[in-house]
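These are the residues of each chain, in order.
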Amino acid sequence: MKYYFNKTLNEDFDKVIEKVTEELKNEGFGILTEIDVKETLKKKLDVDFKKYKILGACNPPYAHKALEAEDKIGTMLPCNVIVQEIEEGTVEVAAVNPMASMQAVENEKLNEVADEITSKLEHVIEKL
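Residues numbered from 1 in each chain as written. Predicted model: local features only at pLDDT ≥ 70, side-chain atom pairs only at ≥ 80, totals over all residues. Heavy atoms only, no water.

### A few points about the overall build of the protein
The helix and strand tally for the protein stands at five helices and five strands. Taken from N to C terminus, the helices and strands of the protein fall in the order β-α-β-α-β-α-β-β-α-α. For 128 residues, the compact-globule formula gives about 14 Å, and the C-alpha radius of gyration of the protein, at 15 Å, lands near that figure. Across its three principal axes, the protein shows a C-alpha extent of roughly 45 × 35 × 25 Å. Expressed as a percentage of its 128 residues, the buried residues of the protein come to 40%. Taking as baseline every contact in the protein between residues at least 6 positions apart, the subset at least 24 positions apart corresponds to 69%. Distance between charge centres in the protein, computed from 17 positive and 26 negative side chains, equals 3 Å. (Helix = DSSP H or I, 4+ residues; strand = E, 2+ residues; numbered from the N terminus. Rg over C-alpha atoms; globule rule 2.2 N^0.38 Å. Buried < 20%, exposed > 50% of the residue type's maximum accessible area, 1.4 Å probe, protein only. Contact = heavy atoms within 4.5 Å. Lys, Arg positive; Asp, Glu negative; His and termini not counted. Charge placed at Lys NZ, Arg CZ, Asp CG, Glu CD.)

### A few points about the sheet that holds strand E4 (residues 79-87)
One open sheet holds the five strands; their spatial order is E1-E5-E4-E3-E2, and the pairing between them is antiparallel. The sheet terminates laterally at strand E1 (4-9) and strand E2 (30-36), the two strands that pair on one side only. Going from strand to strand, the sheet's axes swing by 20° on average, the running direction of each strand aside. Here E4 pairs with strand E5 (residues 90-96) via six bridges, running antiparallel. (Pairing = 2+ DSSP bridges. Axes fitted to C-alpha atoms, helices over the stretch in contact; angles between N-to-C directions.)

### Regarding the nonpolar core
One recurring pattern in soluble globular proteins: nonpolar side chains tend to sit buried together. One finds Val20, Leu24, Val81, Val83, Val93 and Leu121 to be the most contacted residues of the largest nonpolar core, which totals 29 residues. If you list the elements that add at least two residues to this core, you get E1, helix H1 (13-26), strand E3 (52-58), helix H3 (60-69), E4, E5 and helix H5 (108-127). Look past the residues within four positions of Val93 in its chain and what remains in contact with it is Phe5, Asn6, Lys7, Leu9, Val16, Val20, Val81, Ile82, Val83, Ile125 and Leu128. Listed in part, the five residues of the second largest apolar core include Tyr52, Ile54, Ile82 and Ala94. (Core = buried A, V, L, I, M, F, W, Y, C linked by side-chain atoms within 4.5 Å.)

### Quick notes on a negative patch on the surface
On the surface, a cluster of negative charge is made up of Glu108, Glu112, Asp115, Glu116, Glu122 and Glu126. One can find Asp115 in helix H5. (Patch = residues over 30% accessible without salt bridge, like charges linked within 9 Å, V, L, I, M, F, W, Y side chains within 5 Å. Areas by Shrake-Rupley, 256 points an atom, 1.4 Å probe, with all protein chains shown as cover. Salt bridge = Lys/Arg side-chain N within 4 Å of Asp/Glu carboxyl O.)

### Description of the pattern of salt bridges
Scanning all chains against the criterion turns up six salt bridges. Taking the shortest distance from any N to any O, the salt bridge between Glu11 and Lys19 comes out at 2.6 Å. The salt bridge partner of Asp71 is Lys72, with a shortest N-O separation of 3.0 Å. Via salt bridges that share partners, Lys42, Asp46 and Asp48 belong to a single interconnected network.

### Some points on the UniProt feature "domain: DUF302" (unreviewed entry) in the protein
In the numbering used here, UniProt assigns the feature "domain: DUF302" (unreviewed entry) to residues 35-98. Along residues 35-98 one finds 31% helix and 39% strand; the C-alpha atoms at either end are 20 Å apart. (UniProt positions renumbered as here; feature names shortened; annotations may be inferred.)

### A few points about the pairing of E3
A regular strand places its side chains on the two faces of the sheet in alternate fashion. The element E3 is largely enclosed, with a buried count of seven among its seven residues. Neither face of E3 is exposed, since Tyr52, Ile54, Gly56 and Cys58 on one face and Lys53, Leu55 and Ala57 on the opposite face are all buried. With six bridges connecting them, E2 and E3 associate as antiparallel partners. Each residue of the ladder has a partner; that of Thr33, found in E3, is Gly56. Where E3 meets E4, six bridges bridge the pair, whose relative direction is antiparallel. Note that in E4 the partner of Leu55 across the bridge is Val81.

Next up, the structure:
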């Protein structure tokens, strides 16, 4: 089982960020965090890196269900979605596969939540 779902788009990086954010919103997710890896590596290490953002996406009702089922599941939240520029005009979007990341947790209630979130994130990637 792959630990992510991905799709490559021939579009502008910032436009893809907008599309991803909108599709996540359509599936009930909000962006809790946005890490600009390019900016952070430049600032901290003076290293030039490609455009690369990590979006921390959260679907509050499902996060609540997951936390009720397994109180330490917060170590795996929020669901990360990356947007990276492969080359100018070519952008890859990848989202974590919650089913793959939660296999280590043996909890039937959590598996149901992970399955539903997996479907939602797969749908986001498909719609791009």
